[in-house]
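# A look at the structure
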Amino acid sequence: MSTIPLPERPSIEHLRKQAKALRRDVLAGAADALALVAGHHPSRTRDTFTLDDAQLVIARRYGFASWPRLRREVELLAQPRPTVGSPEDMYRAHLHWASDVDIERCARAGVDTAPWQPLITVHRNGILAIAFATPAGPVFCELTPTTITISPPGAPLFHTALGTWAGIAPDVPLLSLARPGREDTRRHPVVADGIFLLPNGFADTGDGLQLGRQAIAALPPQAIGTIDQPRPPVDQTSPAGQRLVRCIAAADAPPAVDPDQWLPGAYARLTDTEQCQLGRYGNLLAYCMIGDTRGQELHVTDLDFPSIPGTTFAATRAHYGFLRRPGQGMGSDTIAVLGIVHDDRVAAVTLTRPGMPDVEAVPTDGTFILTGPALHSVRDEHLPTMRLTALDAAGAVLETVPYARHTGRRTPSAARIG
């Protein structure tokens, strides 16, 4: 069933009232309410319909996969929007705010029991990092779904195995961090209240840090995290799992969170010399590009914020088949569409392109790879007509979304996976 946009100024209280009214109408047998449930939550019947079911229907009606995601979107819309492309936008920053759950989790691991005031909260690739003001000085806290890493109070520089960096901000117009001599690693952190915070930026390789204009050769010891919310490891013994394990361990990229929690997914041979192995951790998608000449390249993307969003699935794009072009360096016109499915009914995902055959993928462990779309063979005016469609096992259409659609920024209130 089609979705509708959120109202101009959505209120979570108003949405709760919608859910309560929907449940009341369903229990009363109202035809329009039953039709809404049939379109968005068909596994539920009138006799078993709960308030949680009603909230899920409302969320899906507005194009969100769950009620928590809808709630997080409403929370975000109530916050001032940062400049697009700024560090605050890139890392989905909140200033002077963090969720009560995350504040409590960080404070539990600290040594100071006095109230902690959040200064900066940032997110990236399953990592949530918070800078706090405490009576003993600033404290930095990095959270994954299973681990916590925390700094001593007043630390001038803090860094973790997952590539989070924080500390006292030097007085420069635009602060950046980089590995010495590695311009490709340069990142701009979020800066506020005299401190900086950069989540999952790059790992320490032992050669120091370029912090603004200052070269720091001797870094403080890397902070050691602890598991405070344990989960059993997933089975990674299959060939796909071993490919994923090797890529996560060896790739020169910002490290992936909780390596033993990634479920191996779809695998495809993209060209004669390139392969792609997917992994999934909740709504995080890892894709490992494996090539005879390029080695292994690990990329992680958070599909809570997809470039191709849907209710039953979400997807992103990755270029492959790079070739050297005269005067232009390396380039590629060929992409793969990579995604995860949110709905167990999805049996296939297809890409429809004007004047070309459809491309279809069957999900593997909740992930899929569509290969073959060559952007150079599609005129710009045709891009808005391209569609991705989710089909069930009988071939019925569950959802169709525009290929070229982009959503606004959505920010989760915490680093939650699953």
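Preceding this paragraph is the structure being described.
In short, a report on the structure. Residue numbers here run from 1 along each chain, matching the order of that chain's written sequence. Two thresholds apply to this predicted model, a pLDDT of at least 70 for residue-level local features and 80 or more for giving and counting side-chain atom pairs, whereas whole-chain, interface and lining totals are computed over all residues. Note that the side-chain values use all heavy atoms of the structure and ignore hydrogens as well as water.

## Comments concerning the packing of helix α1 (residues 12–28) against helix α3 (residues 51–61)
So the rule is basically this: Only the stretch in contact is used when a helix axis is fitted, and all axes are lines through C-alpha atoms; the angle between N-to-C directions ranges over 0 to 180 degrees. Runs of H or I in DSSP of at least four residues are treated as helices and runs of E of at least two as strands, each being numbered from the N terminus. Should an angle lie under 35 degrees it is considered roughly parallel, over 145 roughly antiparallel, and from 65 to 115 roughly perpendicular; all remaining angles are considered oblique. Here a crossing is taken to be left-handed if its near helix is turned anticlockwise relative to the far helix by less than a right angle, and right-handed if that turn runs clockwise. We call two residues contacting when some pair of their heavy atoms lies within 4.5 Å. Classification convention: Asp, Glu, Lys, Arg as charged; Ala, Val, Leu, Ile, Met, Phe, Trp, Tyr, Cys, Pro as nonpolar; all other residues, Gly among them, as polar.
Here α1 crosses α3 at 120 degrees, and the two axes come no closer than 8 Å. What the angle tells us is that α1 and α3 run oblique. Helix-helix and strand crossings are classified by hand; for α1 and α3 the assignment is right-handed. Contacts between α1 and α3 involve L15, Q18, A19, K20, L22 and R23 from the former and L51, A54, Q55, V57 and I58 from the latter. Across the contact of α1 with α3, the residue classes break down as seven nonpolar, two polar and two charged.

## Let's talk about the nonpolar core
Basically, it comes down to this: Buried residues of nine kinds, namely Ala, Val, Leu, Ile, Met, Phe, Trp, Tyr and Cys, make up a nonpolar core once their side-chain atoms join them within 4.5 Å. Only protein chains enter the accessibility calculation, which uses a 1.4 Å probe. A residue is then buried if its area is under 20% of the maximum for its type, exposed if over 50%, and partly exposed in between.
If you look at the biggest cluster of nonpolar residues, it comprises 28 residues, and the most contacted ones within it are I120, V122, W165, L177, F196 and L209. Sorting the residues of this core by element identifies β2 (117–124), β3 (127–133), β6 (157–159), β7 (165–168), β10 (190–192), β11 (195–198) and β12 (209–211) as the ones contributing at least two each. Here this core gets four residues from one element, more than from any other, and that element is β11. Counting 19 residues, the second largest nonpolar core, distinct from the first, contains I308, V346, L388 and L398.

## Concerning the environment of D358
Structurally, D358 can be placed in strand β25 (residues 356–361). For the pair D358 and G372, spaced 14 residues apart in the sequence, the C-alpha separation amounts to 9.9 Å. Among all residues touching D358, those that are not within four sequence positions of it are L351, T352 and R353.

## Quick look at unusual backbone geometry
Not every positive phi belongs to a glycine, and D193 is a case in point at roughly 55 degrees. With respect to the helices and strands, the residue D193 is situated in the loop between β10 and β11. A relative accessible area of 49% places D193 in the partly exposed class. Unusually for a residue other than glycine, D258 sits at a positive phi of about 40 degrees. Here D258 shows up in the loop between α7 (239–250) and β15 (263–269).

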